[in-house]
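# Architecture and fold: a report
Spelled out from the first residue to the last, the chains are:
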Amino acid sequence: MGFLAGFDDRWQDAASYLDALRHDLGEGQRLDLVPEYLAPDVVVQDGAAVLSGPEAVGTALAARRAALPGLSLCAEETLWSASAPNAFVAAQRFQCRARHGGPGLYGAPGGRALSYLEMSESWCVSGALRAQWVLRDELAILAQIGVTPEEGARWRLSQMAEPEEPPDMPDPGPGNDDAWGHTLGDLVHRIMSGDLSVIARHYDPAAELFQPGAVIGHGPDEAEAFWLGLRAALPSARFEVQHLLGAEEHLSPPRAAIRWALTGTHDGHGVFGSPSGAEVTVLGMTQAEFGPDGLRREWTLYDAPGVLAQILRARG
């Protein structure tokens, strides 16, 4: 159990630690334990901003819990790997349920039931959360409460702190050396570099595609339309796969998870509207399952309202 060196005796393994983290912080059941779970220099990045320090992160968790009472996160995927003798990185995917029952993040409460996808990557060091990247399907949330992405972006902008130099995100390393993680990373990198022909060659003809806005697509043609729409919005931006994990286990299909970023100028027509010239960062996560005919399921999230909020802030 070398990767759990320095962890509390309550945690038998990484899975038990992650489950407690989900329940106590993710679902907001034990926000009093924030100082115990978070490293003093913890950094959390979502689709629009970077939070630094336990106080800022705890405040954001409390605000989400207040706006979405009854929030539950059901983990449907967890891939993890030791990154050092006392540290590990985990990529997770959750099905979330909640009720829009409180004011704040999403305006006046409407009481509507919400269902949406969340994806995260957590770096845990010596028993504490050192860094986390988290994306929620904000498009799906806004659609369910009857709000346009543009209005949601204005809400996000009003909640964002005054612009300042964000702290550097810690680097947990490139990930594990499993072949499936490298397969997914190479596939998405080639797509975002303009080689769309790899989609027809490497996607199962009946591939299921889970995309922002709770959109479910099928097959290579819809995969191409999705990735091309994103790339067309930022044609000159730099694409980088920042972390990857893969696994092949008994009774499970080969799986992979990558975290990526698209950083640069919003200088094209695409999913974010007319070119604005704003400098933006699109944080993205993609997870996949593979079968005998190629990639058969793909989950990808990025925070479109969060990117629109970056564009609005750049416009002043």
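Structure shown above.
Residues numbered from 1 in each chain as written. Predicted model: local features only at pLDDT ≥ 70, side-chain atom pairs only at ≥ 80, totals over all residues. Heavy atoms only, no water.

Our focus in this paragraph is the state of the cysteines. In this structure the tally under the stated criterion is 0 disulfides. Not engaged in a disulfide, the cysteine C96 finds its nearest cysteine sulfur in C74; these two sulfurs lie 9.2 Å apart. (Disulfide = S-S within 2.5 Å.)

Turning next to the side chain of H243. Summarising the element assignment, H243 is placed in strand β9 (residues 238-247). On the basis of relative accessible area, H243 is assigned to the buried category, the value being 2%. Within the structure, H243 has its side chain in polar contact with the side chain of E121 (distance 3.4 Å). Ignoring sequence-local partners within four residues, the contact set of H243 consists of V89, E121, P172, G173, P174, G175, A257, I258 and R259. (Helix = DSSP H or I, 4+ residues; strand = E, 2+ residues; numbered from the N terminus. Buried < 20%, exposed > 50% of the residue type's maximum accessible area, 1.4 Å probe, protein only. Polar contact = N/O pair within 3.5 Å; in protein donor to acceptor, adjacent residues only side chain to side chain. Contact = heavy atoms within 4.5 Å.)

Turning next to empty space enclosed by the protein. Inspection of every chain in the model, using the stated rule, returns 2 cavities of 30 Å³ or more. If you add up the space inside the largest cavity, you get close to 40 Å³. Considering the residues around the largest cavity, the lining is formed by L105, Y106, E138, L142, G152, W155, R156 and P305. Those elements giving two or more residues to the lining of the largest cavity turn out to be α4 (138-145) and α5 (149-159). The greatest single-element share of the lining of the largest cavity, amounting to 3 residues, is contributed by α5. Across the lining of the largest cavity, the residue classes tally to 5 nonpolar, 1 polar and 2 charged. A volume near 40 Å³ is recorded for the second largest cavity. Mapped onto the lining of the second largest cavity, the elements with two or more residues apiece are β5 (113-125), β10 (255-265) and β11 (279-291). (1 Å grid on protein atoms, 1.4 Å probe; cavity = no way out; pocket = protein on both sides within 12 Å on 5 of 7 lines; lining within 4 Å. Points joined across faces, edges and corners; volume = space filled by probe spheres on them. Nonpolar A, V, L, I, M, F, W, Y, C, P; charged D, E, K, R; others polar.)

Of all 13 residues in strand β4 (residues 87-99), 10 are buried; the element is thus mostly enclosed. Where strand β3 (residues 72-84) folds back on β4, the antiparallel hairpin that results is connected by 2 residues. Here β4 pairs with β5 via 13 bridges, running antiparallel. Following the sheet pairing, V89 is matched in β5 by W123. (Pairing = 2+ DSSP bridges.)

Moving on to the pattern of salt bridges. Per the counting criterion, the structure on display carries 16 salt bridges. For R30, the salt bridge is made with D32, and the minimal N-O distance between the two is 2.8 Å. By relative accessible area, which is 51% here, D32 ends up exposed. Salt-bridge contacts for E249 lead to R255; the nearest nitrogen and oxygen are separated by 2.8 Å. Relative accessible area serves as the criterion here: at 43%, E249 is assigned to the partly exposed category. Residues joined in a network through salt bridges with shared partners are D19, R22 and E27. (Salt bridge = Lys/Arg side-chain N within 4 Å of Asp/Glu carboxyl O.)

Honestly, it's all geometry; don't read function into it.
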